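# Coordinates in review
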Amino acid sequence: SVHIAGTKGKGSTAAMIASVLTASGYTTGLYTSPHLSDLRERIQVDGELISEIDLINLVEKLKPEVETVNLRDICGPLTTFELLTALGFLYFALKKVDFQVVEAGLGGRLDATNVVRPEVCIITSISLDHTDVLGDSLTQIAAEKAGIIKLGAVVITSPQTDEVAKVIEKVCLERGAELVRVGSDVTWQEPDFEVKGQLFKVNGKLASYRLSLPLLGRYQLENAATAVAALEALTTKDFNISRSDIISGLAKVSWPGRLQVVSRSPFILIDGAHNPASARSLRQSIEYYFKDLNRAILVIGTSADKDIAGIVSELYPLFDKVIVTRSRHPKAMVAPLILAEFRKHGVKPWVAETVPDAVLLAQAQASPRDLICITGSLFVAGEALEQLSGVSL
């Protein structure tokens with residue numbers, strides 16, 4: 001197992017590692033959350049989603065076990081995430097995978113995934129999110145995420161703030177874990193890019209790698225370096241992962257809905273940014289990659305538990321027009337709350353009842369050299385991708 005916790009980048013990092021392990025000849029399970037459009041995206045083997053019939057059969061197999069546990073009422077009824085995690089492990093066993101790459105949910109210490117005994121633990125960038133559950137300070141959140149670190153483990157950490165780094169270092173010391181720091185032990189260089197991806201170099205502990213990554217975002221360079229550090233750690237444990245496997249696996253990685261360009265005329269960019277830190281990364285990426293375009297139109301909808309004030313404050317200065325919408329997810333934030341935040345900054349958004357309506361409205365207002373950015377949640381990103389599935393890049 002490879003176990004990944006963090007606030008930002010853990011899904012991308014997981015997808016990169018799984019892609020390389022598959023390229024290395026290992027049958028590899030990938031468990032991530034949430035999904036964009038189809039629940040089956042959360043459970044994959046070698047890039048293939050769990051089939052509908054396997055999903056149905058495994059749900060039927062788990063049902064009596066779930067009922068038994070719920071009747072005991074030790075910790076309340078099992079959650080959807082707990083059921084999906086058990087289902088994922090069961091599917092990986094059924095498929096006899098060599099590796100399972102497992103993304104933790106919102107926490108770490110008490111996360112349903114934290115039953116694995118991983119070869120490598122990874123903690124990606126930590127920022128404030130889910131403060132109602134994990135704590136309202138970076139130190140508290142870091143302590144929860146660091147709960148995945150096992151005795152004697154190899155731990156890879158992405159670049160962190162000083163206060164987060166101290167928490168991770170303390171836990172590693174207490175548990176006799178080897179710590180590899182991305183940003184110092186493993187580094188990367190600035191990329192060349194175009195809308196289909198980036199070319200850049202990662203300097204690992206064992207080798208250097210000239211990589212072609214089909215994902216945009218400067219933060220993806222950090223994620224790729226983190227993935228390389230983890231893969232190198234696996235090679236030191238005598239797993240057969242070559243330098244060419246790392247290069248070819250990263251060149252094939254697929255991770256939709258994250259700074260994804262789906263059209264060039266106008267440019268349509270879809271990103272699942274859903275907290276202030278990821279919104280800041282999105283803003284910085286737009287300023288870096290799309291500075292030569294004319295106007296920018298924002299389509300935004302968020303989940304009800306998100307820091308909409310923080311997200312809006314990061315994004316509003318970039319956009320000439322704003323369209324507020326709501327995904328069909330039951331936890332989506334209602335439009336008036338989002339409207340109120342934009343109006344505090346003197347912005348008067350348009351409103352569209354659904355994501356498809358918002359996409360159509362933005363397209364109707366855009367010229368060929370404009371940018372349409374669709375963001376706020378992975379659910380909004382997923383519905384936009386469904387709407388734009390026939391658009392040619």
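So, a few notes on the structure that sits alongside this text. (Residues numbered from 1 in each chain as written. Predicted model: local features only at pLDDT ≥ 70, side-chain atom pairs only at ≥ 80, totals over all residues. Heavy atoms only, no water.)

Moving on, we get to the layout of surface pockets. Roughly 440 Å³ of volume is contained in the second largest pocket. Forming the walls of the second largest pocket are 22 residues, and the residues nearest its centre are Ala15, Leu30, Gln44, Gly47 and Ser254. Counting residues per element, the ones that place at least two in the lining of the second largest pocket are helix H1 (10–23) and strand E2 (28–31). At five residues, H1 tops the list of elements feeding residues into the lining of the second largest pocket. (1 Å grid on protein atoms, 1.4 Å probe; cavity = no way out; pocket = protein on both sides within 12 Å on 5 of 7 lines; lining within 4 Å. Points joined across faces, edges and corners; volume = space filled by probe spheres on them. Helix = DSSP H or I, 4+ residues; strand = E, 2+ residues; numbered from the N terminus.)

Two elements in contact, helix H12 (residues 355–365) and helix H13 (residues 378–387), have axes separated by 9 Å at closest approach and are oriented at 65°. Relative to H13, the crossing made by H12 is right-handed. Residues Val355, Pro356, Val359 and Leu360 of H12 pack against Val380, Glu383, Ala384 and Gln387 of H13. Residue composition of the contact of H12 with H13, grouped by class: six nonpolar, one polar and one charged. (Axes fitted to C-alpha atoms, helices over the stretch in contact; angles between N-to-C directions. Left-handed = near helix turned anticlockwise from the far one by under 90°. Contact = heavy atoms within 4.5 Å. Nonpolar A, V, L, I, M, F, W, Y, C, P; charged D, E, K, R; others polar.)

The next point concerns the sheet that holds E2. Sheets are built from strands that pair by backbone hydrogen bonding, the pairs being arranged parallel or antiparallel. Strand order across the open sheet formed by eight strands is E4-E3-E2-E5-E1-E6-E7-E8, with mixed pairing between neighbours. Every other strand in the sheet has two partners, leaving strand E4 (48–49) and strand E8 (178–181) as the edge strands with one partner each. (Pairing = 2+ DSSP bridges.)

Before going further, it helps to spend a moment on helix H2 (residues 52–72). Helical periodicity: at 3.6 residues per turn, an α-helix aligns residues three or four positions apart in one direction. With 21 residues, H2 extends 30 Å between its outermost C-alpha atoms, agreeing within 8% with the 30 Å of an ideal straight helix rising 1.5 Å per residue. Approximately 35° is the largest bend angle found in H2, and it occurs at Leu62, with the proline Pro64 only one to four residues beyond. Asp54, Leu55, Leu58, Leu62 and Val66 are the residues of H2 that are buried. Elements in contact with the buried residues of H2: helix H3 (80–94). With its phi angle positive at about 50°, Asp73 sits one or two positions after the end of H2. (Expected span 1.5 Å × (residues − 1). Bend = angle between axes of the 7 residues up to and from the residue. Buried < 20%, exposed > 50% of the residue type's maximum accessible area, 1.4 Å probe, protein only.)

This part takes up the environment of Val45. Mapped onto the fold, Val45 is located in strand E3 (residues 43–45). With 41 residues separating them in the primary sequence, Val45 and Ile4 have C-alpha atoms 17 Å apart.

With that settled, consider the pairing of strand E1 (residues 2–5). What you see with E1 is no split at all: Val2 and Ile4 on one side and His3 and Ala5 on the other are buried throughout. Across four bridges, the pairing between E1 and strand E6 (residues 120–123) is parallel. Counted as the bridge partner of Ile4 is Ile122 from E6. Of the strand pairs in this sheet, E1 and strand E5 (residues 99–103) are connected by three bridges, and their pairing is parallel. Each bridged residue has a counterpart across the sheet, and for Val2 the counterpart in E5 is Val101.

Our next topic: the pattern of salt bridges. Throughout the structure, instances matching the rule amount to 13 salt bridges. Here Arg218 ties to Glu190 by a salt bridge, and the two come within 2.7 Å at their closest N and O atoms. You can see Arg218 sitting in helix H7 (residues 218–235) and its partner Glu190 sitting in the loop between strand E9 (187–188) and strand E10 (192–194), a full 28 residues away along the chain. Assessed through its relative accessible area of 48%, Glu190 is described here as partly exposed. The residue Glu314 makes a salt bridge to Arg283 at a minimum N-O spacing of 2.9 Å. With Glu314 in helix H10 (residues 308–315) and Arg283 in helix H9 (residues 276–289), the pair connects residues that are 31 residues apart, well separated along the chain. (Salt bridge = Lys/Arg side-chain N within 4 Å of Asp/Glu carboxyl O.)

A word on the packing of H1 against helix H8 (residues 243–251). Running from N to C, H1 and H8 point in directions that differ by 125°, and their axes come no closer than 8 Å. Classified by the angle between their axes, H1 and H8 sit oblique to one another. Remark: the crossing between H1 and H8 carries right-handed chirality. Along the contact surface, H1 presents Met16, Ser19, Val20 and Ala23, while H8 presents Asp245, Ile246, Ser248, Gly249 and Leu250. Taken together, the residues of the contact of H1 with H8 break down into five nonpolar, three polar and one charged. (Parallel < 35°, antiparallel > 145°, perpendicular 65-115°, else oblique.)

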